[in-house]
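# Survey of secondary and tertiary structure
Given next are the chains, with one letter for each unit.
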Amino acid sequence: MFSQGFRPFFLAAALLAVSALPLWMLQFTGALSLPGVPDPLAWHSHEMLFGYLGAALAGFLLTAVPNWTGRLPIAGGPLMALFGLWLAGRLAMLMDAEGPIGTAVALTFLPVLAAVVWREVAAAGNRRNLPVCLLVTILAVAQILFLLGPAEVGLRLGFATAAMMILLIGGRIIPSFTTNWLKKRGAAALPAPFGRGDTVVLALSLAALAVWVALPEGSAAAGLLGVAAAANLWRLSRWRGTATMAEPLLLVLHLAYVWLPLGFALLALSTVMPALVVPQQALHALSAGGIGLMTLAVMTRASLGHSGRALTADRATTLAFGLVFLSAGARVAADWTDDPMLLLHLAAAAWTGGFLLFLLRFVPILAKRREP
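Residues numbered from 1 in each chain as written. Predicted model: local features only at pLDDT ≥ 70, side-chain atom pairs only at ≥ 80, totals over all residues. Heavy atoms only, no water.

## Looking at the overall build of the protein
To be explicit about the condition: Counting from the N terminus, the helices are the DSSP runs of H or I reaching at least four residues and the strands are the DSSP runs of E reaching at least two. Buried means the residue's accessible area, taken with a 1.4 Å probe over protein chains only, is under 20% of the maximum for its type, while exposed means over 50%, and partly exposed covers the values in between. Note on contacts: a residue pair qualifies if any of its non-hydrogen atoms lie within 4.5 Å across the two residues. The Shrake-Rupley method, run with a 1.4 Å probe sphere, supplies the accessible areas, and residue values consider only the shown protein chains as cover.
Across its full length, the protein holds 13 helices and zero strands. Ordered by position from the N terminus, the helices and strands of the protein form the series α-α-α-α-α-α-α-α-α-α-α-α-α. Considering only C-alpha atoms, the protein reaches an extent of 55 × 45 × 40 Å along its principal axes. Put simply, the protein has 372 residues, and 53% of those count as buried. Taking the intrachain contacts of the protein between residues at least 6 apart in sequence as the baseline, contacts between residues at least 24 apart amount to 76%. In the structure as shown, the protein presents an accessible area of about 15,600 Å², 70% of it carried by carbon and sulfur atoms.

Laid out in structure tokens, this is it:
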């Protein structure tokens, strides 16, 4: 279990996904009150953005960084210790969410993860991935702001950082994986390689998110977010997603990326047309849609690839993708209905069901040695 970073952290991310959301819904409906969680909404936001994403990110980076740097992976005792910090943070937020001890414990994991990633990348002189190190560090700063204040700025900074991670890393792996898959099938038309246009899109997205973090209700943020939404749709259109319909494991990466420009557009509309769109719809498009579906897709693909299995999605995995996509759509749409509870329950059930399927399918894979 502690031979590779993706094994404990992907399992932990999925376990948190199937437990934290039902706990939140029970608190939201008044069916449950947790003594250590005086503000259930803040707990829900923190655990999804910094708890779930923190685990998924750790599993990905601790597996990818050795490939980037050529250095040995973090394993054994050090990996156990890092995982212990993440687990302690979850227990702290459940038992003492707003107390000084709970806060201090919860704040330990992300800075340590950032330090580990910086050390590995710097030791190998791997300058290409320094932006990833910086984003992990900023996510740690966002958590500090969320827990110590101002919480609203920390929440926005956390979302912005997560979005930039998907735009940066997703922008590498989606066209690369698509190109490899299409080449094996003899396709003539391939995704456009990374170029100046991608750099411009990333710069526009960074500017839009930075202005939104600082001035979320300003017209400048709305305008830049609208431009970033259109730019990212253009970027995605160059990656030949429609040609991957035969392989859900690949198609889901394209579908997950769609939620980023959709989230940007909804953020812009929530500023200029608040009667039509509320900010929480945009945040759920970015979180349940962009973060949730992209991390599930990456966890699935990495688990199969690094355990020596074929890179293809079976029916259970495809259904898991569909359920999480449905969850995001239902949660965004819920705020457009007079009685949102039906769609809220559907969103929670679909999210929980999707990650439960992941666990049922991948626990046997993640708990076993790599196949020869």
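## A closer look at the nonpolar core
Inclusion rule: Residue types Ala, Val, Leu, Ile, Met, Phe, Trp, Tyr and Cys, when buried and joined through side-chain atoms within 4.5 Å, form a set referred to as a nonpolar core.
Grouped together as the largest cluster of nonpolar side chains are 126 residues, with contacts concentrated most on Phe9, Leu113, Trp212, Phe264 and Phe355. Considering each element in turn, this core owes the most residues, 16 residues, to helix 7 (residues 151-184).

## With respect to helix 12 (residues 315-334)
This is how it is decided: To estimate how far a helix should extend, the number of its residues minus one is multiplied by 1.5 Å. N or O atoms within 3.5 Å of each other form a polar contact, as long as, within protein, one can give a hydrogen and the other can take it, and as long as residues adjacent in sequence are counted only when both atoms are side-chain atoms.
The end-to-end C-alpha separation of helix 12 is 28 Å, in line with the 28 Å expected for 20 residues at 1.5 Å each. Taken as a whole, helix 12 has its buried residues at Thr317, Ala320, Phe321, Val324, Ser327, Ala328, Ala330, Arg331, Val332 and Ala334. Buried residues in helix 12 make contact with helix 10 (248-272), helix 11 (279-306) and helix 13 (341-366). By the N-cap criterion, in which a side-chain oxygen at the helix start approaches the backbone nitrogen of a residue two or three places on, helix 12 is capped by Asp314, the distance to Ala316 being 3.4 Å.

## Examining a nonpolar patch on the surface
Basically, it comes down to this: A patch consists of residues whose relative accessible area exceeds 30% and which take part in no salt bridge; residues with like charges are grouped when within 9 Å of each other, and nonpolar side chains (Val, Leu, Ile, Met, Phe, Trp, Tyr) when within 5 Å. Salt bridge, as applied in this entry: a Lys or Arg side-chain nitrogen positioned within 4 Å of an Asp or Glu carboxyl oxygen.
Together, Leu87, Leu91, Leu94 and Met95 line one region of the surface with nonpolar side chains, adding up to about 380 Å² of accessible area. Looking at where Leu87 falls in the secondary structure, it is placed in helix 3 (residues 77-95).

## Considerations on the packing of helix 2 (residues 40-69) against helix 6 (residues 130-148)
Operational definition: Every angle, taken between N-to-C directions, lies between 0 and 180 degrees, and every axis is a line fitted to C-alpha atoms, over only the stretch in contact when it is a helix. Orientation is classified from the angle alone, with under 35 degrees giving roughly parallel, over 145 giving roughly antiparallel, 65 to 115 giving roughly perpendicular, and any other angle giving oblique. Crossing handedness: left-handed means the near helix sits turned counterclockwise from the far one by under a right angle, and right-handed means the same turn made clockwise. Three categories are distinguished: nonpolar for Ala, Val, Leu, Ile, Met, Phe, Trp, Tyr, Cys and Pro, charged for Asp, Glu, Lys and Arg, and polar for the others, with Gly belonging to the last.
Where helix 2 meets helix 6, the axes come as close as 12 Å, and the angle between the chain directions of the two elements is 160°. The orientation of helix 2 relative to helix 6 falls into the category roughly antiparallel. Considering the relative orientation of helix 2 and helix 6, their crossing is left-handed. Residues Ala42, Ser45, His46, Phe50, Leu53, Leu57, Leu61 and Trp68 of helix 2 pack against Val132, Val136, Leu139, Ala142, Gln143, Phe146 and Leu147 of helix 6. Residues of the contact of helix 2 with helix 6, tallied by class, amount to twelve nonpolar, three polar and no charged.

## Some remarks on the pattern of salt bridges
What the rule picks out here adds up to seven salt bridges. Among the salt bridges present, the one from Glu120 reaches Arg71, with a minimum N-O distance of 2.8 Å. Residue Glu120 is found in helix 5 (residues 109-123), and its partner Arg71 is found in the loop between helix 2 and helix 3; the two are separated by 49 residues along the sequence. A relative accessible area of 5% places Glu120 in the buried class. The partner of Arg119 in a salt bridge is Glu120, and the shortest N-O contact between them spans 2.7 Å. Residues joined by salt bridges that share partners form a network here, namely Arg71, Arg119 and Glu120.

## Side note on the environment of Pro261
Structurally, Pro261 can be placed in helix 10. The spatial distance from the C-alpha of Pro261 to the C-alpha of Val227 is 9.4 Å, given a sequence separation of 34 residues. Setting aside residues no more than four positions away along its own chain, Pro261 makes contact with Ala229, Asn232 and Leu233.

## Topic: the environment of Gly36
Looking at the element boundaries, Gly36 is found in the loop between helix 1 (6-28) and helix 2. Expressed as a C-alpha distance, the spacing of Gly36 and Leu94, which sit 58 residues apart in the sequence, is 5.8 Å. Residues within four places of Gly36 in sequence aside, it is in contact with Met93, Leu94, Met95, Asp96 and Ala97.

## Some remarks on the side chain of Arg7
Locating Arg7 in the fold gives a position in helix 1. Judged by relative accessible area, Arg7 falls into the buried class, the value being 2%. At a separation of 3.4 Å, a polar atom in the side chain of Arg7 contacts the main-chain carbonyl oxygen of Ile365.

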